[in-house]
Amino acid sequence: MRNSMGLTGVAVCVAALAMHGPARADDGSPSSKPIPQRRGGSSRFDLNIEGGLGKTLQRDGLTGFARARAGWLTVVEPRNPQGSPLYVTVGGTLATSDLGLFSVGLQGELMHLSSGFWAQGGGFVDVTKPGPGVALSAGWSLFGVEFQRRFVDEGRALTEPRADWAVYGKLRIPVTIIMSAF
């Protein structure tokens, strides 16, 4: 038993040397220096789901929304090797809200990976009762605040203005980024 264990160990060492070649001293020649890794960005499909609860500023009552964004995520590597990458995302959105049943739009996002801070901006159009809107948000990790400027006809009295601001506390789930961690 002891003899076969010794032979197995020798066989593993011989196989390792055969795959990696003989050990040699670093003599400073170009062939013995490590090849520097090239730091470049990468791109991939992105999926983001978010929602929020808040209030319209010129009306009384709560409001809420749910949104999905599908788009393209680009990772911008820093010039400093110790720096953190910046994630840049652009994509199309589908949203629903009590202020507009169905909206489509475009949204962009910047996220600093190591700090967790992010900012988003975009525009949308309510499809069921045509009206444009813009949304700006910022936050940390999964939480943030969103401001929307909307043109609202749903439940609007004649004395109420059509344009209104809405402020939301927001939960953001970056599905692609979370899945890439596993």
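These figures come from a predicted structure and were not determined experimentally.

Conventions adopted
- Every chain is numbered independently, its residues counted from 1 as its sequence is written.
- Confidence filtering applies because this is a predicted model: local features only for residues at pLDDT of at least 70, side-chain atom pairs given and counted only at 80 or more, and all residues used for totals across whole chains, interfaces and linings.
- Neither water nor hydrogens contribute to the side-chain values; these are computed over all heavy atoms in the structure.
- Any pair of Phe, Tyr and Trp rings, taking the six-membered ring for Trp, is counted once the centres come within 6.5 Å. Such a pair is stacked with planes under 30 degrees apart, edge-to-face with planes over 60 apart, and tilted for the rest.
- Secondary structure elements are taken from DSSP: a helix is a run of H or I of four residues or more, a strand is a run of E of two residues or more, and numbering for both begins at the N terminus.
- For every residue, the accessible area obtained with a 1.4 Å probe (protein chains only) is divided by the maximum for its type, and the residue is called buried under 20%, exposed over 50%, and partly exposed between those limits.
- Here the nonpolar core consists of buried residues drawn from Ala, Val, Leu, Ile, Met, Phe, Trp, Tyr and Cys, with membership extended through side-chain atoms lying within 4.5 Å.
- In this description, contact between two residues means that some pair of their heavy atoms is separated by no more than 4.5 Å.
- The term salt bridge refers to a pairing of a side-chain nitrogen on Lys or Arg with a carboxyl oxygen on Asp or Glu at a separation within 4 Å.
- Any two strands are treated as partners once DSSP identifies two or more bridges connecting them.
- Throughout, an axis means a line fitted to C-alpha atoms (over the contacting stretch in the case of helices), and angles, computed between N-to-C directions, take values from 0 to 180 degrees.
- Known as pLDDT, the predictor's per-residue confidence is scaled from 0 to 100.
- Think of a patch as exposed residues, more than 30% relative accessible area, with no salt bridge, where like charges cluster within 9 Å and nonpolar side chains (Val, Leu, Ile, Met, Phe, Trp, Tyr) cluster within 5 Å.
- Here, Shrake-Rupley sampling with a 1.4 Å probe gives the accessible areas, and only protein chains in the shown set may cover a residue.

1. A closer look at the packing of aromatic side chains
Turning to step 1, where the next piece is worked out: Applying the stated criterion across every chain yields a total of one aromatic pair.
Turning to step 2, where the next piece is worked out: Ring centres 4.8 Å apart and planes at 80° place the aromatic pair Phe 65 and Tyr 168 in the edge-to-face group. With Phe 65 in strand 2 (residues 62-76) and Tyr 168 in strand 8 (residues 163-173), the pair connects residues that are 103 residues apart, well separated along the chain. Like Phe 65, the residue Tyr 168 is buried in the burial classification.

2. Let's talk about the nonpolar core
Turning to step 1, where the next piece is worked out: One finds Leu 73, Val 75, Tyr 87, Met 111, Trp 118 and Ile 177 forming the largest nonpolar core, which totals six residues.
Turning to step 2, where the next piece is worked out: Not counting the four nearest positions on each side in its chain, Leu 73 is found in contact with Ser 42, Ser 43, Arg 44, Asp 46, Tyr 87, Val 88, Thr 89, Thr 176 and Ile 177.

3. Concerning the pattern of salt bridges
Turning to step 1, where the next piece is worked out: Overall, the coordinates contain seven salt bridges when judged by the stated rule.
Turning to step 2, where the next piece is worked out: Two residues, Glu 146 and Arg 67, come together in a salt bridge whose shortest N-O distance is 2.7 Å. Note that Glu 146 is positioned in strand 7 (residues 143-151) and Arg 67 in strand 2, a separation of 79 residues in sequence. There is no split in this pair, since Glu 146 and Arg 67 are both buried.
Turning to step 3, where the next piece is worked out: Taking the shortest distance from any N to any O, the salt bridge between Glu 109 and Arg 172 comes out at 2.9 Å. Of this pair, Glu 109 sits in strand 4 (residues 103-112) while Arg 172 sits in strand 8; the two residues are 63 residues apart in sequence, bridging distant segments of the chain.
Turning to step 4, where the next piece is worked out: By relative accessible area, Arg 172 is classed as buried at 1%.

4. Looking at the sheet that holds strand 5 (residues 117-126)
Turning to step 1, where the next piece is worked out: The strand order around the closed barrel built from eight strands is 1-2-3-4-5-6-7-8, with neighbouring strands paired in antiparallel fashion. Pairwise comparison of adjacent strand axes, ignoring direction, gives a mean angle of 25° for this sheet.
Turning to step 2, where the next piece is worked out: Sheet topology places strand 1 (residues 42-56) next to strand 2; 14 bridges connect them, and they run antiparallel. Paired with Leu 47 across the strands is Ala 70, a residue of strand 2.

5. Regarding the environment of Phe 65
Turning to step 1, where the next piece is worked out: You can call Phe 65 buried: its relative accessible area is 8%.
Turning to step 2, where the next piece is worked out: Apart from residues lying up to four places away in sequence, Phe 65 is in contact with Glu 50, Gly 51, Gly 52, Thr 96, Ser 97, Glu 146, Gln 148, Tyr 168 and Lys 170.

6. Considering the confidence of the model for the protein chain
Low-pLDDT stretches of the model should not have their predicted coordinates read in fine detail.
Turning to step 1, where the next piece is worked out: Confidence along the protein chain averages 79 in pLDDT terms, with 73% of residues attaining 70 or more.
Turning to step 2, where the next piece is worked out: Ignoring residues within four places in sequence, the model shows residues 29-39, a span with pLDDT below 50, making eight contacts including any to other chains.

7. Things to note about a nonpolar patch on the surface
Turning to step 1, where the next piece is worked out: Taken together, the side chains of Ile 49, Phe 143, Leu 171, Ile 173, Ile 178, Met 179 and Phe 182 make up a nonpolar region of the molecular surface, amounting to roughly 730 Å² of accessible area.
Turning to step 2, where the next piece is worked out: Every element with two or more residues in the nonpolar patch is listed here: strand 8 and helix 2 (175-180).
Turning to step 3, where the next piece is worked out: Relative to the elements of secondary structure, Ile 49 occurs in strand 1.
Turning to step 4, where the next piece is worked out: Taking relative accessible area as the criterion, Ile 49 reaches 40% and is therefore assigned partly exposed.

8. Considerations on the pairing of strand 7
Turning to step 1, where the next piece is worked out: Across the two faces of strand 7 the burial differs, with Gly 144, Glu 146, Gln 148 and Arg 150 buried and Phe 143, Val 145, Phe 147, Arg 149 and Phe 151 not buried at all.
Turning to step 2, where the next piece is worked out: As paired strands, strand 6 (residues 131-140) and strand 7 are joined by eight bridges and run antiparallel to one another. Bridging from a neighbouring strand, Val 134 pairs with Arg 149 of strand 7.
Turning to step 3, where the next piece is worked out: Hairpin geometry of strand 6 and strand 7 is characterised by an intervening segment of two residues between the two adjacent antiparallel strands and by a positive phi of about 55° at Ser 141.
Turning to step 4, where the next piece is worked out: Two elements, strand 7 and strand 8, share nine bridges in a ladder whose sense is antiparallel. Across the sheet, the residue bridging to Glu 146 is Tyr 168, located in strand 8.

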